[in-house]
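Descriptive analysis of the structure
So you can see what is in the structure, the chains are spelled out below.
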Protein chains: 2
Amino acid sequence: MSEPLILYDIPSTVPGQAWSPNPCKTRYCLNYKGLPYKTVWVEYPDIEPLSKKIGALPTDVTNGKPYYSLPAIYDPNTKTVLAESALIAEYLDATYPDTPKLFPAGTHALQHAFVPAFMQTLSALWQFALPATNNVLNPPSEVYFRRTREAMFGKKLEDVVPSGPAANEEWAKVKAAFDIVDGWLQKGEADGPYLTGKEPAFADFVVASFIWWFKKIWGAESSQWKDIMSWNNGRWEALIKGFEKYETIV
Amino acid sequence: MSEPLILYDIPSTVPGQAWSPNPCKTRYCLNYKGLPYKTVWVEYPDIEPLSKKIGALPTDVTNGKPYYSLPAIYDPNTKTVLAESALIAEYLDATYPDTPKLFPAGTHALQHAFVPAFMQTLSALWQFALPATNNVLNPPSEVYFRRTREAMFGKKLEDVVPSGPAANEEWAKVKAAFDIVDGWLQKGEADGPYLTGKEPAFADFVVASFIWWFKKIWGAESSQWKDIMSWNNGRWEALIKGFEKYETIV
């Protein structure tokens, strides 16, 4: 290893600036592997121009248009630019084979299947978490985030959050989603505490990144954070505490 | 190994009687492991009384009522009754440790997460496959299946199958679902041709069971079967041909 990699992440008003679960996956991966890097902060409206400038490919197509997103990395050691956290994790495994593996042998296909399964399972979360996210963004990102997410939901962000009895019902669905993931992990307890066994893998960092997001958008004193820390016999509390050493933002 | 296990499966009018993807998973598992067994055929209305009689637990709760389903097994060597294909696979791995593993170490949690992810991905399939299934059932099962599935869809089975331009659009969604699964498998090609590497695992038999179902309900001369055999550079054709040796119904 010689030069530090660059991690492109989205800033906010929270201490340390980082808040976004997707770049968090890559930060966990880089810290877990002990690879030196530094963060470059990119506000939402600048993601597409930056991606085009450095040569990062779109990570999706929405309504027929290419969609650019972070995380992206630049690795000066190989002159490689890459976007999308799973692709970045595969790249880091292949390029730095002496660092701990994010995709242990025999888990590539299943970990790639896990990510959309986990996101689908969490579908009740977005109505709570996206409006809360908007509250912590810097002004240029806030304007962009509000416009795009209000188009997605078809209503004002303030009206997206469930209220009254629906708030409890919908929050119970978030808990039910974590119950499902807890069930998968229980099935694997003979292998170890993590999704692929005794050591964390990419899929564990995916799960942890969304829990970490709770703390960033609601804070450690919030009922949301206290709730999730109490769920599933403290499984998520143990997970996030175990990964604190990989949370460092540099 | 001494006495053969019993596999409880649902009969039909197709040659060999077997047609149902869920018991097919267990048949693949038993044949793959080389465990002797014999099939006992149970029509749909008899599944709940049979399950209660032998002591098989419900596999789900629907509308607050316990739901009994097949496959179930009885293992006379350990006096064990068990329902639900993933639980049965775990049991077979644990009870017959000298047979090939369905859950290699480090894949338990991810394989359990894979099954619902795969089912969710296939959501466009049911509108085609459930009415076709109804056509091959014996009379007592046909009456039961029609009543329960028409309640599920809220319309007659004959009206569930898309027609006109919707037929092509919806069938394209079935292909898109297999494209997604193909994408996961491509990500794992460095590990081997199967979901966890060089040898089949439970999740591979889950995928194959739904493809095998196509052949049973539509036949090998149908456009549906020829379609899927042509998809994804012949991946499903190779998979199902490779598993033919585990299709034997005894």
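Model, not experiment: these values are computed from the prediction.

Turning next to the overall build of chain A. Along its length, chain A carries eleven helices and six strands. In terms of overall dimensions, chain A is globule-like: its C-alpha atoms have a radius of gyration of 18 Å, near the 18 Å expected for 250 residues. Considering only C-alpha atoms, chain A reaches an extent of 55 × 45 × 35 Å along its principal axes. Expressed as a percentage of its 250 residues, the buried residues of chain A come to 56%. Pairs at least 24 apart in sequence give 68% of the contacts found in chain A among residues at least 6 apart. Summed over all atoms, the accessible surface of chain A reaches about 10800 Å², with 54% contributed by carbon and sulfur. Computed over 24 positive and 28 negative side-chain charges, the separation of the two mean positions in chain A equals 2 Å.

So, about the interface of chain B and chain A. Across the contact, 23 residues belong to chain B and 23 residues belong to chain A. Taking both partners together, chain B and chain A bury about 1900 Å²; carbon and sulfur atoms supply 68% of that area. Inspection of the region where chain B meets chain A yields zero salt bridges. Going through the elements one at a time, helix 3 (85–95), helix 4 (108–121) and helix 8 (165–187) of chain B are the ones with two or more residues in the side of chain B that touches chain A. Here the side of chain B that touches chain A takes ten residues from helix 4 of chain B, the largest share from any one element.

The subject of this paragraph is the UniProt feature "domain: GST N-terminal" (unreviewed entry) in chain A. Sites flagged by UniProt as "domain: GST N-terminal" (unreviewed entry) map to residues 10–100 of chain A. Taken end to end, residues 10–100 of chain A comprises 38% helix and 21% strand; its first and last C-alpha atoms sit 26 Å apart.

Turning our eyes to something else, we now look at the relation of the copies chain B and chain A. The two copies are related by a screw operation: chain B maps onto chain A through 180 degrees of rotation and 0.0 Å of translation along the axis, at an RMSD of 0.0 Å. Here the copies are linked by what is in effect a two-fold axis. In terms of C-alpha distance to the rotation axis, chain B has B:A117 as its closest residue, with the C-alpha 2.5 Å off the axis. In this assembly, 100% of the residues forming the interface of chain B have copies in chain A that are likewise at the interface, indicating an isologous arrangement.

Residue and element names in this part refer to chain A. Interaxial distance between helix 5 (residues 126–134) and helix 6 (residues 139–153) falls to 10 Å at its minimum, and their mutual angle equals 160 degrees. It follows that helix 5 is roughly antiparallel to helix 6 by the angle criterion. Once helix 5 is placed against helix 6, the crossing between them reads as left-handed. Contact residues: helix 5 offers W126, Q127, L130, T133 and N134, while helix 6 offers E142, F145, R146, R149 and F153. Residue classes in the contact of helix 5 with helix 6 are distributed as four nonpolar, three polar and three charged.

Below, the discussion takes up the side chain of A:E150. All names here are of chain A. Relative to the elements of secondary structure, E150 occurs in helix 6. E150 sits in the buried class, given a relative accessible area of 17%. Only 2.7 Å separates the side chain of E150 from the side chain of R146, close enough to count as a polar contact. Not counting residues within four places of it along the chain, the set of residues in contact with E150 comprises F145, K155, K156, L157 and E158.

Our focus in this paragraph is the pairing of strand 2 (residues 37–41) of chain A. All names here are of chain A. Sheet topology places strand 1 (residues 5–9) next to strand 2; five bridges connect them, and they run parallel. Following the sheet pairing, D9 is matched in strand 2 by W41. Once you follow strand 1 into helix 1 (residues 21–33) and on to strand 2, the crossover reads as right-handed.

Our next topic: the packing of helix 1 of chain A against helix 9 (residues 202–218) of chain A. All names here are of chain A. Running from N to C, helix 1 and helix 9 cross one another at 125 degrees; their axes reach a closest spacing of 8 Å. The orientation of helix 1 relative to helix 9 falls into the category oblique. Helix 9 is crossed by helix 1, and the crossing has right-handed handedness. Where helix 1 abuts helix 9, its residues P21, N22, C24, K25, R27, Y28, C29 and Y32 lie against F202, F205, V206, A208, S209, F210, W212 and W213. Within the contact of helix 1 with helix 9, the residues separate by chemical class into twelve nonpolar, two polar and two charged.

Cut-off values and rules
The residue numbering used here restarts from 1 in each chain and proceeds along that chain's sequence as written. Labels are handed out in written order, letters beginning with A for the chains and numbers beginning with 1 for the ligands. Only residues with pLDDT of 70 or above have their local features reported here, since the model is predicted, and side-chain atom pairs are shown and tallied only from 80 upward, although totals for entire chains, interfaces and linings are computed over all residues. Just so you know, side-chain values use all the structure's heavy atoms and leave hydrogens and water out. Secondary structure elements are defined from DSSP: runs of H or I of at least 4 residues count as helices, runs of E of at least 2 residues count as strands, and each element is numbered from the N terminus. We compute the radius of gyration over the C-alpha atoms and compare it with the globule rule, which gives 2.2 Å times the number of residues raised to the power 0.38. Throughout, exposure labels follow a simple rule: accessible area from a 1.4 Å probe, protein chains only, divided by the maximum for the residue type, with under 20% read as buried, over 50% as exposed, and the rest as partly exposed. Any two residues whose heavy atoms approach within 4.5 Å are treated as being in contact. Calculation of accessible area relied on Shrake-Rupley with a 1.4 Å probe; when residues are assessed, cover is drawn exclusively from the protein chains displayed. We score Asp and Glu as negative and Lys and Arg as positive, and we do not count His or the chain ends. A charge is said to be at NZ when it belongs to Lys, at CZ for Arg, at CG for Asp and at CD for Glu. Buried area is a sum: the accessible area each of two parts loses on coming together, probed at 1.4 Å, counted once for each and added. The rule for a salt bridge is simple: a side-chain nitrogen of Lys or Arg has to be within 4 Å of a carboxyl oxygen of Asp or Glu. UniProt positions are given in the numbering used here, feature names are shortened, and annotations may be inferred rather than shown by experiment. Copies overlap after least-squares fitting; the atoms used are the C-alpha atoms of residues with pLDDT of at least 70 in both. The axes used here are C-alpha line fits, helices contributing only the stretch in contact, and every angle between their N-to-C directions lies in the interval 0 to 180 degrees. An angle below 35 degrees is treated as roughly parallel, one above 145 as roughly antiparallel, one from 65 to 115 as roughly perpendicular, and anything else as oblique. In this scheme, a crossing is called left-handed if the near helix is turned counterclockwise away from the far one by less than a right angle; it is called right-handed if the turn is clockwise. Amino acids outside the nonpolar list (Ala, Val, Leu, Ile, Met, Phe, Trp, Tyr, Cys, Pro) and the charged list (Asp, Glu, Lys, Arg) are all regarded as polar, and Gly is one of them. Identification of polar contacts relies on pairs of N or O atoms within 3.5 Å, with a donor-acceptor requirement for protein atoms, meaning one able to donate a hydrogen and the other able to accept it, and with residues adjacent in sequence counted only if both atoms are side-chain atoms. Pairing between two strands is assigned when DSSP locates at least 2 bridges connecting them. Seen with the strands pointing away from the viewer, any crossover whose path from the first strand over the helix to the second strand runs clockwise is right-handed.

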